[in-house]
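Spelled out from the first residue to the last, the chains are:
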Amino acid sequence: MIVWAGAFSAIKRLVDGGVSASDVAVARYLVAAPGFAVALVLTGGLRGLTRRDAARVLSAGLLVVTVYHLALNQGERYTTAGTAAVIIAAAPGITLGLAVALGLEQFSLRRVGGLGLAFGGVLVVVLLGAGERVSVHSVRGPLLVLAAALAFAGYNVIVKPLLERHSAVAVTAAASLVGTLALLPLAGSSTLRAARHLSGSQWLLVGYLGIVSTLLAYVAWTLALRRLDASRAVSFLYAVPVFGLVIGALTLGESVTLWLAAGGAMIVGGVALAQ
């Protein structure tokens, strides 16, 4: 959870250092792609993949890599790393809301109440979290990050049927490789120039994003799921926004407003209640 939370500050440091949102995403996944390819081979791939399943993998990859990371990275240009971590914490709640709306999960008053509380927290963070007067400029970043959370929620709903027939690692690896391919058209001469001008510390941040927070953290998460019940493991996700706020404050000097803390508490509490 600490590694995942640290990714928000790493992205913020890179985009504030002049690296474009698309270049951060491309560099991150070009670093991670070889590991995903190895994982796909070691798990035996996606055998017996139907056309419908292939369409799901394609859609999932576009959402979880291309849309998610471009929206998140661009959003962090205009908001803090801590705010981004708090808004992304709503993704499990959005996933559950979509699943209930599509009839994949059962409707209950407890779930509706929890989701209502969480989405109220999102509004508080988007509108008031930065402590500024509400304006187009102040909500631009949070809304882009919210789009990333929606993309991640859509990914979760799309891949769920695949996990009944295929390895979770294989599905994730295949979707990540598809998303990486979709990012490649965004890489051009400007990307090469940006790579040549990256400082040593910026390359370390790219390595952290691609290897540590994308590959190694996912492996650690998978190993944890073997030793813990899924519901117990998921509860640890509630720590990500907390760590995200702390890491942003310590490494970037970001301030934590009362509205941001209150909205974060509403999101985490609402998602926990709904789940």
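Check the entry above for the structure.
Please read these numbers as outputs of a predicted model, since none were measured by experiment. (Residues numbered from 1 in each chain as written. Predicted model: local features only at pLDDT ≥ 70, side-chain atom pairs only at ≥ 80, totals over all residues. Heavy atoms only, no water.)

Asks: Summarise the overall build of the protein chain; cite the residues concerned and give the values.
Replies: Looking only at helices and strands, the protein chain has 13 helices and zero strands in total. N-terminal to C-terminal, the α/β element order of the protein chain is α-α-α-α-α-α-α-α-α-α-α-α-α. Here the protein chain has a C-alpha radius of gyration of 18 Å; the compact-globule value for 275 residues is 19 Å, and the two agree. Here the protein chain holds 275 residues, and 45% of them are scored as buried. Taking all contacts inside the protein chain whose residues are at least 6 apart in sequence as the whole, residues at least 24 apart take part in 88%. (Helix = DSSP H or I, 4+ residues; strand = E, 2+ residues; numbered from the N terminus. Rg over C-alpha atoms; globule rule 2.2 N^0.38 Å. Buried < 20%, exposed > 50% of the residue type's maximum accessible area, 1.4 Å probe, protein only. Contact = heavy atoms within 4.5 Å.)

Asks: Please give an account of the packing of aromatic side chains that cites residues and values.
Replies: Applying the stated rule across the entire model yields three aromatic pairs. Pairing Tyr29 with Phe36 gives two aromatic rings, centres 6.3 Å apart and planes at 10°, and the pair type is stacked. Per residue, the accessibility class of Tyr29 equals that of Phe36, and both read buried. Residues Tyr68 and Phe152 carry aromatic rings whose centres are separated by 5.9 Å and whose planes lie at 55° to one another, so their mutual orientation is tilted. Here Tyr68 is found in helix H3 (residues 51-75), whereas its partner Phe152 is found in helix H7 (residues 136-159), with 84 residues between them in sequence. (Phe/Tyr/Trp six-rings, centres within 6.5 Å; stacked < 30°, edge-to-face > 60°.)

Asks: So what about the pattern of salt bridges? Which residues, and what values?
Replies: On inspection of all chains with the given rule, the structure shows two salt bridges. A salt bridge links Asp16 to Lys12, with the nearest nitrogen and oxygen atoms 3.5 Å apart. One end of the pair, Asp16, and the other, Lys12, are both in helix H1 (residues 2-16), four residues apart, so they sit about a helical turn from each other. Lys12 gets classed as buried once you look at its relative accessible area, which sits at 10%. The closest approach of N and O atoms between Arg165 and Asp53, which form a salt bridge, is 2.6 Å. Note that Arg165 is positioned in the loop between H7 and helix H8 (168-183) and Asp53 in helix H3, a separation of 112 residues in sequence. (Salt bridge = Lys/Arg side-chain N within 4 Å of Asp/Glu carboxyl O.)

Asks: Help me get a handle on a nonpolar patch on the surface, residues and values and all.
Replies: On the surface, Leu30, Leu181 and Leu184 cluster together into a nonpolar patch covering about 280 Å² of accessible area. Tracing the backbone shows Leu30 in helix H2 (residues 21-42). (Patch = residues over 30% accessible without salt bridge, like charges linked within 9 Å, V, L, I, M, F, W, Y side chains within 5 Å. Areas by Shrake-Rupley, 256 points an atom, 1.4 Å probe, with all protein chains shown as cover.)

Asks: Can you explain the packing of H2 against H8? Please cite residues and give values.
Replies: In a pair of packed helices, the angle between the axes and the distance between the axes together describe the arrangement. Running from N to C, H2 and H8 cross one another at 145°; their axes reach a closest spacing of 9 Å. The handedness of the crossing between H2 and H8 is left-handed. Residues Ala25, Val26, Tyr29, Leu30, Ala33, Phe36, Ala37, Ala39 and Leu40 of H2 form the contact with H8, whose own contacting residues are Val169, Ala170, Ala173, Ala174, Ser176, Leu177, Thr180 and Leu183. A per-class count over the contact of H2 with H8 returns 15 nonpolar, two polar and no charged. (Axes fitted to C-alpha atoms, helices over the stretch in contact; angles between N-to-C directions. Left-handed = near helix turned anticlockwise from the far one by under 90°. Nonpolar A, V, L, I, M, F, W, Y, C, P; charged D, E, K, R; others polar.)

Asks: Could you give an account of the environment of Val240, with specific residues and numbers?
Replies: Note on placement: Val240 falls in helix H12 (residues 239-252). The exposure class of Val240 is buried, given its relative accessible area of 11%. Between the C-alpha atom of Val240 and that of Thr50, which follows or precedes it by 190 residues, the distance is 36 Å. Apart from residues lying up to four places away in sequence, Val240 is in contact with Met1, Ala5, Phe8 and Ala85.

Asks: Quick one: what's the story with the side chain of His69, residue by residue and with numbers?
Replies: Topologically, His69 is positioned in helix H3. Among the residues examined, His69 registers a relative accessible area of 4% and is labelled buried. Setting aside residues up to four positions removed in sequence, His69 forms contacts with Ala25, Arg28, Tyr29 and Val64.

Asks: Could you give me a rundown of the packing of helix H5 (residues 91-101) against helix H6 (residues 109-128), with the residues and numbers involved?
Replies: Two elements in contact, H5 and H6, have axes whose closest approach is 10 Å; the angle formed by their N-to-C orientations is 135°. Relative to H6, the element H5 lies oblique. The handedness of the crossing between H5 and H6 comes out as left-handed. Residues Gly93, Ile94, Leu96 and Gly97 of H5 pack against Arg111, Leu115 and Phe119 of H6. (Parallel < 35°, antiparallel > 145°, perpendicular 65-115°, else oblique.)

Asks: Tell me about the nonpolar core, and name the residues and values.
Replies: Phe8, Leu72, Ile88, Leu209 and Ile267 are the most contacted members of the largest nonpolar core, which totals 43 residues. Val26, Tyr155, Leu162 and Val171 belong to the second largest nonpolar core, which has 22 residues in total. (Core = buried A, V, L, I, M, F, W, Y, C linked by side-chain atoms within 4.5 Å.)

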